[in-house]
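Fold and contact review
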Amino acid sequence: MIYQGKVHRVGEHIDTDAIIPARFLVTSDPQKLGEQCMAGLEPNWVKRVHPGDILVSGRNFGCGSSREHAPIAILGAGIPLVIGHSFARIFYRNAFNTGLPLLEIGDAVEQIKDGDSLKVDMAAGLIEDATQGIKLHFPPIPASMQAILDQGGLVGYVKARLSAQHG
Amino acid sequence: MLQTLAQKLLQRHTSDEITQDGQIVQCKVSMVLANDITGPLAIKSFYSMGATKVFDRTKIALVMDHFTPQKDIASANQVLISRKFAAEQQLTHYYEGGDAGVEHTLLPEQGLVGPLDLVVGADSHTCTYGGLGAFATGMGSTDVAAAMALGETWLKVPSTIRVEYQGEADRDLRAKDLILLLIGRIGVDGALYQALEFAGPVIDALEVEGRLTMANMAIEAGAKAGLFPVDAKTRAYCAEHGNPNAQADLRADPGCHYAQTVKIDVSGLEPQVSCPHLPANVRAVSELKDLPIQQVVIGSCTNGRISDLRDAAQILRGRKVSRGVRCIILPSTPTVWKQALKEGLLEIFMDAGCIVGPCTCGPCLGGHMGILGDGERAVATTNRNFKGRMGSLDSEVYLASPLVAAASAICGHIAGPKSL
């Protein structure tokens, strides 16, 4: 899988109230949630996003509530991948469960700037930042997480398990 | 192997042998929880998984508490989804309207969660039940849907930070101050992917309601769980609330391995306040001067229990809320509400000029029943002060104990009980 897009850079400790404020949690529709993505950070933030763009964050992205609406809003906004220094644990599970891959790359994230053009090769474990002229390597996604992604998320994973039980 | 509380608790619920932290284990769950926000998404995932029946209709709790009483058409429609699911699946623990209270106060109070349990909930403050010696952690809706279908979930055995509280606590120091001190010390990701284990003489002396307050905010340090040993106080609480595990006992093995030990001496410390816009921005209350406020909220899964209302009443008795401050008091459950009524606390609040409201999460998450406008500032006994959490992106939330919240309501600015 290869992702290519422009970088939207956000800071440290971006909480789920910033990603999708609670007042918008009266739906679980990805498109409606996507329209309010990052509205708690800046109204109309999402207007700058083109489908395929990549979100790059500082430390502890997704801290706060357990709302799965947060990764759904990011996916709904057309962002297929988040690269971060580190992620809050509930958000980490939720993202993979809903089919949003996360790359945890630590301090290396500081080298990626807002507006950069990025190419990410998941199989090769390689991030190429054409704007900065740098290449960053990342370790493969943990096997248990990859297994969930391969089924399109946890729904597919459990579906396979349930049908095996009943089959 | 000498075991931490987290290792002991997870071992009880898995057939895998736990040999080290970081190991991924498949665990059976004792209780699965969702609310009016996360429930509909869990139900959607449940059916998308091809599931038709929950694993055990007595081990699933759906609590309609966040936007209750239903604040608008959309939130009312969300409740319809949970109500229909509860009826179809014949769930024994569905709470709505006059039965509903703030979930993390309600479940321990009803004896539905207790020592040694493994609880997963589609709400980040599910970690509250660690106060009773349960391994409890928040997850998203789809993880919870999987647990509803399978009765199991996978968990990574967390490494543990032991937190020891020592010294002589001042009479105004509360559980809220103890947990804010820790979050201020280690930061909002100080315990990321880890468990917190609370210990020391201050913890031994702490009542169960205070332990629930502390465990509740473990997530505010990024922790997966905030765990307390099970002792005579826990057993008495369980007996009183009809929990079947009232004979339980649980201690970490002396000499077990901790990733880190944090020692906090509480002697001489004054009440603490967490300043905008992160729970870790913690200061002593006397350091905060000339900060006028427009709203106070006393309630939530952190501090809406009867002991919290007694604290608030002790300050508000015979005094008046400052002009220009709306002081909103939301007892967390119908049982707490009724007890406060019996004890005359509600009359004290009304005489002081407070607004006494229903059992709801409401304003804590900027839902309803007390939203902040542009430039407004609040003191709240809740658990999060992220930007815009309680309303406008230009508003501010300061987190504190009920004693500080009530004192601030009277002063009209942020103040501790000693300012009165």
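1. Here we look at the overall build of chain B
Of regular secondary structure, chain B possesses 14 helices and 18 strands. The C-alpha radius of gyration of chain B comes to 20 Å, within 12% of the 22 Å expected for a compact globule of 420 residues. Its C-alpha atoms put chain B at 60 × 55 × 40 Å along the principal axes. Of all 420 residues assigned to chain B, the portion counted as buried reaches 66%. A separation of at least 24 residues holds for 75% of the contacts in chain B among residues at least 6 apart in sequence. For chain B, the exposed area adds up to about 14,000 Å²; of that, 50% sits on carbon and sulfur atoms. Charged side chains of chain B number 38 positive and 44 negative; the gap between the two group centres comes to 2 Å.

2. Things to note about the pairing of strand E7 (residues 152-156) of chain B
Remember that side chains alternate between the two faces of the sheet whenever the strand is regular. Residue and element names in this part refer to chain B. With respect to burial, E7 is a largely interior element, 4 of its 5 residues being buried. In this structure, strand E1 (residues 24-28) lies alongside E7, joined through 5 bridges in antiparallel fashion. The residue of E7 that forms the bridge with Ile 24 is Lys 156.

3. As for the interface of chain A and chain B
Taken together, the contact between chain A and chain B spans 43 residues of the former and 48 residues of the latter. Of the roughly 3,700 Å² buried at the junction of chain A and chain B (both faces included), carbon and sulfur atoms supply 59%. Area buried by chain A at its contact with chain B is led by Val 26, Arg 89 and Arg 93 of chain A, which between them contribute 20% of it. Taken together, the connections running from chain A to chain B amount to 3 salt bridges.

4. Concerning the environment of Leu 181 of chain B
Assignment of secondary structure puts Leu 181 of chain B in helix H6 (residues 175-186). In this structure, Leu 181 of chain B is in contact with Ile 264, Leu 269 and Gln 272 of chain B, ignoring residues within four places of it in sequence.

5. Here's the deal with the sheet that holds strand E2 (residues 31-35) of chain B
Residues and elements named next belong to chain B. Judged by pairing direction, the sheet is parallel, and its 5 strands sit side by side in the order E4-E3-E2-E5-E6 without closing on themselves. Strands at the two margins of the open sheet, each flanked by one partner only, are strand E4 (93-95) and strand E6 (135-138). Mean inter-strand twist for the sheet, computed between neighbouring axes without regard to direction, equals 15°. Relative to E6, strand E5 (residues 118-121) runs parallel, the two being bridged by 4 bridges. Looking at the pairing, Leu 118 lines up with Phe 135 of E6.

6. Section: the sheet that holds strand E5 (residues 117-121) of chain A
Residues and elements named next belong to chain A. Read across the open sheet, the 7 strands follow the order E4-E3-E2-E1-E5-E6-E7; overall the sheet is mixed. Edge strands, defined here as strands with exactly one partner in the open sheet, are strand E4 (102-104) and strand E7 (134-137). Across the sheet, the mean angle separating the axes of adjacent strands is 25° when strand polarity is ignored. Across 3 bridges, strand E3 (residues 82-84) lies against E4 in parallel orientation. By the bridge assignment for E4, Gly 84 is matched with Glu 104.

7. Let's talk about the domain arrangement of chain B
Residues and elements named next belong to chain B. Segmenting chain B into domains produces domain 1 (7-13 + 23-264) and domain 2 (274-415). If you average the C-alpha positions of domain 1 and of domain 2, the two centres end up 23 Å apart. Across the contact, 36 residues belong to domain 1 and 37 residues belong to domain 2. Both sides together, the interface formed by domain 1 and domain 2 hides about 2,800 Å², and carbon and sulfur atoms give 61% of it. In terms of surface lost to domain 2, no three residues of domain 1 exceed Val 102, Lys 176 and Glu 209, which account for 20% of the buried area on that side. Between the two partners, domain 1 and domain 2, sit 2 salt bridges. Close ionic contact of Arg 384 with Glu 220 constitutes a salt bridge, the shortest N to O distance being 2.5 Å. Remark: the boundary between domain 1 and domain 2 carries 20 residue pairs in polar contact (both at pLDDT 80 or more). Counting residues per element, the ones that place at least two in the side of domain 1 that touches domain 2 are helix H4 (103-109), H6 and helix H8 (208-216). Residue contributions to the side of domain 1 that touches domain 2 peak at 5 residues, all from H6. For the side of domain 1 that touches domain 2, the per-class residue count stands at 12 nonpolar, 14 polar and 10 charged.

8. A few points about helix H3 (residues 69-76) of chain A
Residue and element names in this part refer to chain A. For H3, the buried fraction is high: 6 of the 8 residues fall into the buried class. Those residues of H3 not exposed but buried are His 69, Ala 70, Pro 71, Ile 72, Ala 73 and Ile 74. Just downstream of H3, Gly 78 is the residue with a positive phi angle, here 95°.

9. Looking at the packing of H3 of chain A against helix H4 (residues 89-97) of chain A
Residue and element names in this part refer to chain A. Look at H3 against H4: their axes get within 8 Å of each other, and the N-to-C directions meet at 50°. Taken together, the axes of H3 and H4 are oblique relative to one another. Remark: the crossing between H3 and H4 carries right-handed chirality. The residues of H4 that touch H3, namely those facing Ala 70, Pro 71 and Ile 74, are Phe 91, Asn 94 and Ala 95. Among the residues forming the contact of H3 with H4, the class breakdown is 5 nonpolar, 1 polar and no charged.

10. Let's talk about the side chain of Asp 116 of chain A
Residue and element names in this part refer to chain A. Along the chain, Asp 116 turns up in the loop between E4 and E5. Among buried Asp, Glu, Lys and Arg side chains, Asp 116 stands out as unpaired, with Lys 113 the closest opposite charge at 7.4 Å. Looking at Asp 116, its side chain comes within polar contact range of the side chain of Gln 132, at 3.0 Å. Beyond its immediate chain neighbours, meaning those up to four positions away, Asp 116 contacts Gly 5, Lys 6, Val 7, Gln 111, Asp 129, Thr 131 and Gln 132.

11. A look at the state of the cysteines
Residue and element names in this part refer to chain B. All told, the structure shown has 0 disulfides over all chains when counted by the stated rule. Here Cys 411 is not disulfide-linked; the sulfur of Cys 327 is the nearest cysteine sulfur, at 12 Å. Assessed through its relative accessible area of 23%, Cys 411 is described here as partly exposed.

What counts, and at which threshold
Residues numbered from 1 in each chain as written. Chains lettered and ligands numbered in written order. Predicted model: local features only at pLDDT ≥ 70, side-chain atom pairs only at ≥ 80, totals over all residues. Heavy atoms only, no water. Helix = DSSP H or I, 4+ residues; strand = E, 2+ residues; numbered from the N terminus. Rg over C-alpha atoms; globule rule 2.2 N^0.38 Å. Buried < 20%, exposed > 50% of the residue type's maximum accessible area, 1.4 Å probe, protein only. Contact = heavy atoms within 4.5 Å. Areas by Shrake-Rupley, 256 points an atom, 1.4 Å probe, with all protein chains shown as cover. Lys, Arg positive; Asp, Glu negative; His and termini not counted. Charge placed at Lys NZ, Arg CZ, Asp CG, Glu CD. Pairing = 2+ DSSP bridges. Buried area = accessible area lost by both parts, 1.4 Å probe. Salt bridge = Lys/Arg side-chain N within 4 Å of Asp/Glu carboxyl O. Axes fitted to C-alpha atoms, helices over the stretch in contact; angles between N-to-C directions. Domains from an automatic or database assignment. Polar contact = N/O pair within 3.5 Å; in protein donor to acceptor, adjacent residues only side chain to side chain. Nonpolar A, V, L, I, M, F, W, Y, C, P; charged D, E, K, R; others polar. Parallel < 35°, antiparallel > 145°, perpendicular 65-115°, else oblique. Left-handed = near helix turned anticlockwise from the far one by under 90°. Disulfide = S-S within 2.5 Å.

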